[in-house]
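Examination of the molecular architecture
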Amino acid sequence: MKRILTLLLALATPAAAHVTIAPPEVPANSYARLAFRVGHGCAGAATIAIEVALPEGITMARPMPKPGWEIAIETRPLPRPVSGGHGLVREAPSGIAWRGGPLPDAHYEEFVLLIRAPDMAGATLSFPVMQRCEGGAQHAWIELPTAEQSRPRSPAATLRLGAR
Ligand SMILES: [Cu+2]
């Protein structure tokens, strides 16, 4: 068992170990399933919350329920109502949180959202994620690449919007 674990760790790329979104790209203006992948805890501590901040431009996001985790949805009013699939949308989700677990550091999990991807082909959206762990530890996945640092240590999860 230990040998298998070591092999798996050796095969994992650094990016796969952070909090990332699968798939990394979806068509603009589509309904898309996003899986937020959590590859490890906070320096060994088990994960007890994943809090995802949604970028502006997303007008619909529905979290998939997860046994053992409670879901909280935060919303913000839209400056102007937009048309959704079932009438006018007056407020947009601004954050989704899953709280529960614990998810042991050695385990892997996915937290799933259905979103309406904005009609912004070519854009890259960033989703800052706060990972909270047992014992008060936390990891803020919030950094954006800069000219000086193209691969930040704690990058926000990103999603590319491709051609429709
Ligand atoms: Cu990592």
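So, a few notes on the structure that sits alongside this text. (Residues numbered from 1 in each chain as written. Predicted model: local features only at pLDDT ≥ 70, side-chain atom pairs only at ≥ 80, totals over all residues.)

On to the sheet that holds strand β7 (residues 87–103). Here 5 strands make up an open sheet; going across it, the order is β6-β7-β4-β10-β11 and the pairing antiparallel. On the outer flanks of this sheet lie β6 (69–84) and β11 (138–141), each paired with one strand and no other. Each neighbouring strand pair of the sheet contributes to a mean axis angle of 15°, computed without reference to strand direction. The pairing of strand β10 (residues 129–133) with β11 spans 4 bridges and is antiparallel. Bridging across to β11, V129 finds its partner in W141. (Pairing = 2+ DSSP bridges. Helix = DSSP H or I, 4+ residues; strand = E, 2+ residues; numbered from the N terminus. Axes fitted to C-alpha atoms, helices over the stretch in contact; angles between N-to-C directions.)

It is worth spelling out the environment of A49 at this point. You can see A49 is positioned in strand β4 (residues 47–53). Along the sequence, A49 and W69 sit 20 residues apart, while their C-alpha atoms lie 8.5 Å from each other. Non-local contacts of A49, meaning those with residues more than four positions away in its chain, are made with A97, W98, R99 and R132. (Contact = placed C-beta atoms within 7 Å.)

Turning to the sheet that holds strand β2 (residues 25–27), a few remarks are in order. Strand order in the open sheet formed by 3 strands is β2-β12-β9, with mixed pairing between adjacent strands. One side of each edge strand has no neighbouring strand; the edge strands of this open sheet are β2 and β9 (124–127). Each neighbouring strand pair of the sheet contributes to a mean axis angle of 30°, computed without reference to strand direction. Sheet topology note: the β2/strand β12 (residues 157–162) ladder contains 3 bridges and is parallel. The residue bridging V26 from the neighbouring strand is L161, located in β12.

It is worth spelling out unusual backbone geometry at this point. Cis geometry marks the peptide bond from A22 to P23; its omega dihedral reads -5°. Inspection of the secondary structure assignment puts P23 in the loop between β1 (19–22) and β2. Cis geometry marks the peptide bond from G101 to P102, where omega comes out at 0°. Backbone geometry places N29, a non-glycine residue, at a positive phi of 55°. As for its position among the elements, N29 is in the loop between β2 and β3 (31–38). A tally of 14 C-beta atoms within 10 Å means that N29 is categorised as partly exposed. One non-glycine residue with positive phi stands out, namely A43, at about 50°. Its location among the elements puts A43 in the loop between β3 and β4. (Buried ≥ 20, exposed ≤ 12 C-beta atoms within 10 Å, placed from the backbone.)

Judged by which residues are buried, β11 turns out to be one-sided: H139 and W141 face inward and are buried, whereas Q138 and A140, on the alternate face, are not. Taking the residues that link successive antiparallel strands as the turn, the β10-β11 hairpin has 4 residues, and the phi of G135 there is positive, at about 80°.

We now examine the nonpolar core. Ranked by size, the top nonpolar core spans 24 residues in total, and within it F36, I50, V52, F127, V129 and A157 carry the most contacts. For this core, the secondary-structure elements that each account for two or more residues are β1, β3, β4, β7, β8 (109–116), β9 and β12. Discounting residues that sit within four places of it in the chain, I50 has contacts with F36, V38, A97, W98, F111, V129 and Q131. (Core = buried A, V, L, I, M, F, W, Y, C linked by C-beta atoms within 7 Å.)

What follows concerns the environment of A123. Mapped onto the elements, A123 comes out in the loop between β8 and β9. Given 15 C-beta atoms within 10 Å, A123 falls into the partly exposed group. Through-space distance from the C-alpha of A123 to that of G162 is 7.8 Å; in sequence the pair is 39 residues apart.

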